[in-house]
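Inside the fold
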Amino acid sequence: MVPGLPTASAVLTKYKGENDKKATLRPYTPINDENENGYLELLVKKYPNGPMSTHIHDLQPGQTLDIKGPLPKYAWTENKHEHIGLIAGGTGITPMFQLARGIFKNANDKTKVTVVFGNVSQDDILLKKELEQLENTYPQRFRAFYVLDKAPKEWRGSTGFITKDLLKTVLPEPKSENIKIFVCGPPGLMKAISGPKVSPKDQGELSGALQELGYNKDQVYKF
């Protein structure tokens, strides 16, 4: 791992196949402890016809992968916010987990964390064991709410998509002092919850459910 990697950071991977006209670039968020030097752990979900995810899954021991970084996303310092909400869909959970893990590894950081995590099915829930461990270890400060589009009959959580009503119920209120909401997920989720990010340096305007609930642009960060 790169020494001194900021809590909310990504790395950029690069791959160019023999028949590719241009290289494929994909950012990924490391999920291992940034204080443990010497290795990098990425959580990569393989997608059908996904050039980078397929390439990474096909790599064999001894082969290499071009990586650039770290690429700082959000500069976190202990107790920067009293309460944060992390809204994620699919693999968008990785920067959220990185941020939450960094907070709870610091004994001086007392930030409260609420996660709202949407997936298609129960099998798609990434890092569930790690999130449950945080919830069991810090029950007064960490809560995780799961939403499934295709839920089994025994499912006790929310179903369908992440809704404005659910967010209103579980997130810190927009009028609360020193709160921050982070959003990361596929385009459909971003459009519905916060509006899309324009570029790495342009967060774009706030829209969607968070805007309707009364949050302002400064209270929301889009990964």
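Residues numbered from 1 in each chain as written. Predicted model: local features only at pLDDT ≥ 70, side-chain atom pairs only at ≥ 80, totals over all residues. Heavy atoms only, no water.

Another aspect to go through is the overall build of the protein. For the protein, the count of helices and strands is six helices and nine strands. Burial analysis of the protein (223 residues in total) assigns 44% to the buried set. The contacts of the protein with a sequence gap of at least 6 include a subset with a gap of at least 24, amounting to 66%. Total accessible area on the protein is roughly 12,700 Å²; 49% of this is exposed by carbon and sulfur atoms. (Helix = DSSP H or I, 4+ residues; strand = E, 2+ residues; numbered from the N terminus. Buried < 20%, exposed > 50% of the residue type's maximum accessible area, 1.4 Å probe, protein only. Contact = heavy atoms within 4.5 Å. Areas by Shrake-Rupley, 256 points an atom, 1.4 Å probe, with all protein chains shown as cover.)

As a further point, take the environment of Thr114. As for its position among the elements, Thr114 is in strand S5 (residues 112-119). Once residues within four sequence positions are removed from consideration, Thr114 is found in contact with His83, Ile84, Gly85, Leu86, Arg143, Phe145 and Val170. A distance of 2.9 Å separates polar atoms of two side chains, one belonging to Thr114 and the other to His83. (Polar contact = N/O pair within 3.5 Å; in protein donor to acceptor, adjacent residues only side chain to side chain.)

For the rest of this paragraph, the subject is the packing of aromatic side chains. Ring pairs (aromatic) are described by centroid distance and by the angle formed between their planes. Per the stated rule, a full pass over the model turns up eight aromatic pairs. Taking the centre distance of 5.2 Å and the plane angle of 80 degrees together, the rings of Tyr221 and Phe223 count as edge-to-face. An aromatic cluster of at least three residues, connected via ring pairs, comprises Tyr74, Phe182, Tyr221 and Phe223. Above the plane of the ring of Tyr74 lies Lys80, whose end atom (NZ or CZ) is 4.5 Å from the centre. Note that Lys128 overlies the ring of Tyr146, its terminal NZ or CZ placed 5.0 Å from the centroid. (Phe/Tyr/Trp six-rings, centres within 6.5 Å; stacked < 30°, edge-to-face > 60°. Lys NZ or Arg CZ within 6 Å of the ring centre and 35° of its normal.)

Attention shifts here to the confidence of the model for the protein. Summarising the model, the protein shows a mean pLDDT of 91, and 96% of its residues fall at 70 or more. pLDDT under 50 marks residues 1-6. Its contacts with residues more than four places away, or in other chains, come to 18 contacts. (pLDDT = per-residue confidence, 0-100.)

Before going further, it helps to examine helix H2 (residues 93-105). The terminal C-alpha atoms of H2, which comprises 13 residues, lie 18 Å apart, in line with the 18 Å expected from a rise of 1.5 Å per residue. Counting buried positions along H2 gives 12 out of 13 residues, so the element sits mostly inside the fold. Among all positions of H2, only Ile93, Thr94, Pro95, Met96, Phe97, Gln98, Leu99, Ala100, Arg101, Gly102, Ile103 and Phe104 are buried. (Expected span 1.5 Å × (residues − 1).)

Among all positions in helix H1 (residues 51-58), only Met52, Ser53, His55 and Ile56 are buried. Here the buried residues of H1 occupy an arc of 160 degrees about the axis, which is enough to place them on one side. (Arc of directions from axis to C-beta.)

Before going further, it helps to spend a moment on the layout of surface pockets. There is about 1,000 Å³ of room inside the largest pocket. Along the walls of the largest pocket sit 35 residues, with Arg26, Pro27, Tyr28, Cys184 and Phe223 positioned nearest its centre. Residues that form the lining of the largest pocket fall into these classes: 20 nonpolar, nine polar and six charged. Quantified by volume, the second largest pocket comes out at close to 390 Å³. Gly89, Gly118, Asn119, Pro186 and Leu189 are, among the 19 residues lining the second largest pocket, the residues nearest its centre. If you list the elements that add at least two residues to the lining of the second largest pocket, you get S5 and helix H5 (187-193). Sorting elements by how many residues they give to the lining of the second largest pocket places H5 first, with four residues. A per-class count over the lining of the second largest pocket returns nine nonpolar, seven polar and three charged. (1 Å grid on protein atoms, 1.4 Å probe; cavity = no way out; pocket = protein on both sides within 12 Å on 5 of 7 lines; lining within 4 Å. Points joined across faces, edges and corners; volume = space filled by probe spheres on them. Nonpolar A, V, L, I, M, F, W, Y, C, P; charged D, E, K, R; others polar.)

This part takes up the sheet that holds strand S9 (residues 220-222). An order of S7-S6-S5-S4-S8-S9 is seen for the six strands of this open sheet, with the pairing classed as parallel. With partners counted over all chains shown, the strands left at the sheet margins are strand S7 (158-159) and S9, one partner each. In terms of strand pairing, strand S4 (residues 83-89) meets strand S8 (residues 179-184) through six bridges, oriented parallel. Among the inter-strand pairings, His83 is bridged to a residue of S8, identified as Ile179. Running over the sheet, H2 touches S4, S5, strand S6 (142-148) and S8 and is turned about 150 degrees from S4. Running over the sheet, helix H3 (residues 128-137) touches S5 and S6 and is turned about 145 degrees from S6. (Pairing = 2+ DSSP bridges. Axes fitted to C-alpha atoms, helices over the stretch in contact; angles between N-to-C directions.)

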